[in-house]
Amino acid sequence: MRALTIELGGIPVALHLPSLLAGRLRARYRSYLSDRPAEWGIHYRQQPALPRAAPAWIRHEEAVTHFYLKGQRGRLDFSQREARLASSDLNLARPVIERALAYICMQELPRRGDALLLHGVGLVDNGRGMVFFGASGRGKSTVARLARGRATVLSDENVIVRRQGDEVTLVSTPFWGLSTPATEVRQVHAAEVPLVGLFSLHHASCFTLERLAPAAAVMELLTSEKVATERPSSAAAWLAAAERLAAALPLYRLGFQPTTELWRFLREEQVYP
Amino acid sequence: MSDRTGRPRPVQGIAAREIGGEAVLIDTRENVVRLLNHSASRIWALANGERTEREIAAQLALEFEVGAQEAEGSVRRFVDEMVAKKLLEWG
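Parameters at a glance
- Residues numbered from 1 in each chain as written.
- Chains lettered and ligands numbered in written order.
- Predicted model: local features only at pLDDT ≥ 70, side-chain atom pairs only at ≥ 80, totals over all residues.
- Heavy atoms only, no water.
- Buried < 20%, exposed > 50% of the residue type's maximum accessible area, 1.4 Å probe, protein only.
- Helix = DSSP H or I, 4+ residues; strand = E, 2+ residues; numbered from the N terminus.
- Arc of directions from axis to C-beta.
- Contact = heavy atoms within 4.5 Å.
- Buried area = accessible area lost by both parts, 1.4 Å probe.
- Salt bridge = Lys/Arg side-chain N within 4 Å of Asp/Glu carboxyl O.
- 1 Å grid on protein atoms, 1.4 Å probe; cavity = no way out; pocket = protein on both sides within 12 Å on 5 of 7 lines; lining within 4 Å.
- Points joined across faces, edges and corners; volume = space filled by probe spheres on them.
- Nonpolar A, V, L, I, M, F, W, Y, C, P; charged D, E, K, R; others polar.
- Polar contact = N/O pair within 3.5 Å; in protein donor to acceptor, adjacent residues only side chain to side chain.
- Phe/Tyr/Trp six-rings, centres within 6.5 Å; stacked < 30°, edge-to-face > 60°.

## Points about helix 1 (residues 19-28) of chain A
Residues and elements named next belong to chain A. Within helix 1, burial applies to L21, A22 and L25. Relative to the axis of helix 1, the buried residues are bounded by an arc of 100° and lie together on one face. Elements in contact with the buried residues of helix 1: strand 1 (2-8), strand 2 (11-17), strand 3 (40-46) and helix 2 (93-112).

What follows is the structure, encoded as structure tokens:
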């Protein structure tokens, strides 16, 4: 076993992995490697006997969450800050590890400060960021595709939005959609840039943009699918962080069509960086 | 069933926050989210287990400048709906 520590949104996490897997993930996560003392530990092992076709489930007991999904199993202990993960074969190691990392970020970031993990695509142009978010099927992959050659795509799956003082920043993550070409993933490094706005994606027959009032903005953020709502204390921390972010940054409901006219529309609306 | 002399309060498992005068509720048991309008949000805030329906209605009448009867009707309907949805309970 070998350990490597990566840092996500300010949380250093030690990954304890079989040597072959550690080498692969060290390369993939190279711009997220950290020498800070780990605050979380994730232990992974291959478990060939795990079934691949059983129904998925998730269960919460006090500070511990257990889950199973398609040959992946995990136990995350939020009091000990330790996760035990397994998958039936090594090809499922990265999915189960990233699932756990995202869950840790989802739970921990709102408690540590004004930060949230969003199910969204993060773009950077002219040194400033935009986040387009929404549940599966709302157009994140489409926006990432439309942005290629125009803006840097920091991630097309999960991003972190963080408030520090008066500034809200977009923080990249190493989480990418399963269908994202490896060439796209390798081009991107860890980054944190000032954020100009959050855009909740909605397919529409024409381009529309509506700036939302704070409560409506928080309701839109609740559709991001990355919300810690299974425990009342987590949900309260999430709401508090979401309220402060929504107060510090414009959040828009964006009706869009899947064409590059999107960028012209955002420029005309004066919300493009 | 209450004789309506109790003091309504949120059930355990609800996370709530008032944002810009509107309450966002997350029911962590069912993973359901609700957004209350301004007057409902105010009733929700007052229904904290320390006031009877009548006391909540009196406060609401004062703040929203409506008659006592109208306020009592609004509070009763809201509490009934929230109790039916298992978001409030009688204390």
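After that view of the structure, there is still more to cover.
## A short note on the interface of chain A and chain B
Size of an interface: often given as the accessible area lost when the parts come together. In this complex, chain A contributes 15 residues to the contact, which on the side of chain B involves 14 residues. Broken down residue by residue, the surface that chain A buries against chain B is led by M219, T229 and L239 of chain A, which jointly contribute 39%. As a salt-bridge pair, E243 of chain A and R17 of chain B come within 2.4 Å of each other at their nearest N and O atoms.

## Some points on the layout of surface pockets
All names here are of chain A. Quantified by volume, the largest pocket comes out at close to 1,100 Å³. Around the largest pocket, the lining is made up of 41 residues, and of these R99, H119, E157, E225 and K226 lie nearest the centre. If you list the elements that add at least two residues to the lining of the largest pocket, you get strand 4 (57-61), strand 5 (64-69), helix 2 and helix 3 (140-147). In terms of residues, the lining of the largest pocket owes the most to one element, helix 2, which gives 7 residues. Each residue belonging to the lining of the largest pocket can be placed in one class, and the counts come to 16 nonpolar, 13 polar and 12 charged. Empty space within the second largest pocket amounts to approximately 380 Å³. Taken together, 23 residues form the lining of the second largest pocket, with R24, A27, R28, R94 and V185 sitting closest to its centre. The set of elements that each furnish at least two residues to the lining of the second largest pocket consists of helix 1, helix 2 and helix 4 (182-186). The biggest single contributor to the lining of the second largest pocket is helix 1, with 5 residues. Along the lines of polarity and charge, the residues of the lining of the second largest pocket split into 14 nonpolar, 4 polar and 5 charged.

## Notes on unusual backbone geometry
Trans is the common state for peptide bonds, and a negative phi is the common state for residues other than glycine. Residue and element names in this part refer to chain A. Here the phi dihedral of E62 falls at roughly 50°; this positive angle occurs in a residue that is not glycine. Within the secondary structure, E62 sits in the loop between strand 4 and strand 5. Judged by its relative accessible area of 76%, E62 falls in the exposed class. One non-glycine residue with positive phi stands out, namely N126, at about 55°. With respect to the helices, strands and loops of the structure, N126 is situated in the loop between strand 8 (115-125) and strand 9 (128-133).

## Some points on the side chain of E230 of chain A
Position of E230 of chain A among the secondary structure elements: in the loop between helix 5 (214-221) and helix 6 (232-248). Within polar-contact distance, the side chain of E230 of chain A engages the side chain of Y103 of chain A at 2.4 Å. Setting aside anything within four residues of it in sequence, one finds E230 of chain A in contact with H60, Y103, M106 and Q107 of chain A together with T28 of chain B.

## Some thoughts on the pattern of salt bridges
All names here are of chain A. In total, this model carries 23 salt bridges over all chains according to the counting rule given. For E108, the salt bridge identified is with R81, shortest N-O distance 3.4 Å. Highlighted residues: E108 in helix 2 and R81 in the loop between strand 6 (72-77) and strand 7 (82-87), separated in sequence by 27 residues.

## Describing the environment of A84 of chain B
Residue placement: A84 of chain B occurs in helix 3 (residues 68-84). Separated by 31 residues in the primary sequence, A84 of chain B and E53 of chain B have C-alpha atoms spaced 16 Å apart.

## Quick word on the packing of aromatic side chains
Residue and element names in this part refer to chain A. Across all of its chains, the model carries 7 aromatic pairs over all chains by this definition. Here the aromatic rings of F78 and Y103 are separated by 5.8 Å at their centres, their planes lie at 65°, and the arrangement is edge-to-face. With F78 in the loop between strand 6 and strand 7 and Y103 in helix 2, this pair connects stretches of sequence that are 25 residues apart. Aromatic side chains F207 and F265 sit 5.3 Å apart centroid to centroid with 25° between the ring planes, which places their arrangement in the stacked category. One end of the pair, F207, is in the loop between strand 13 (192-203) and strand 14 (208-211); the other, F265, is in helix 7 (residues 261-268), and 58 residues separate them in sequence. F265 matches F207 in its accessibility class, with the two residues each being buried. Connected via pairs of aromatic rings, a cluster forms that spans F132, F199, Y252, W263 and Y272.

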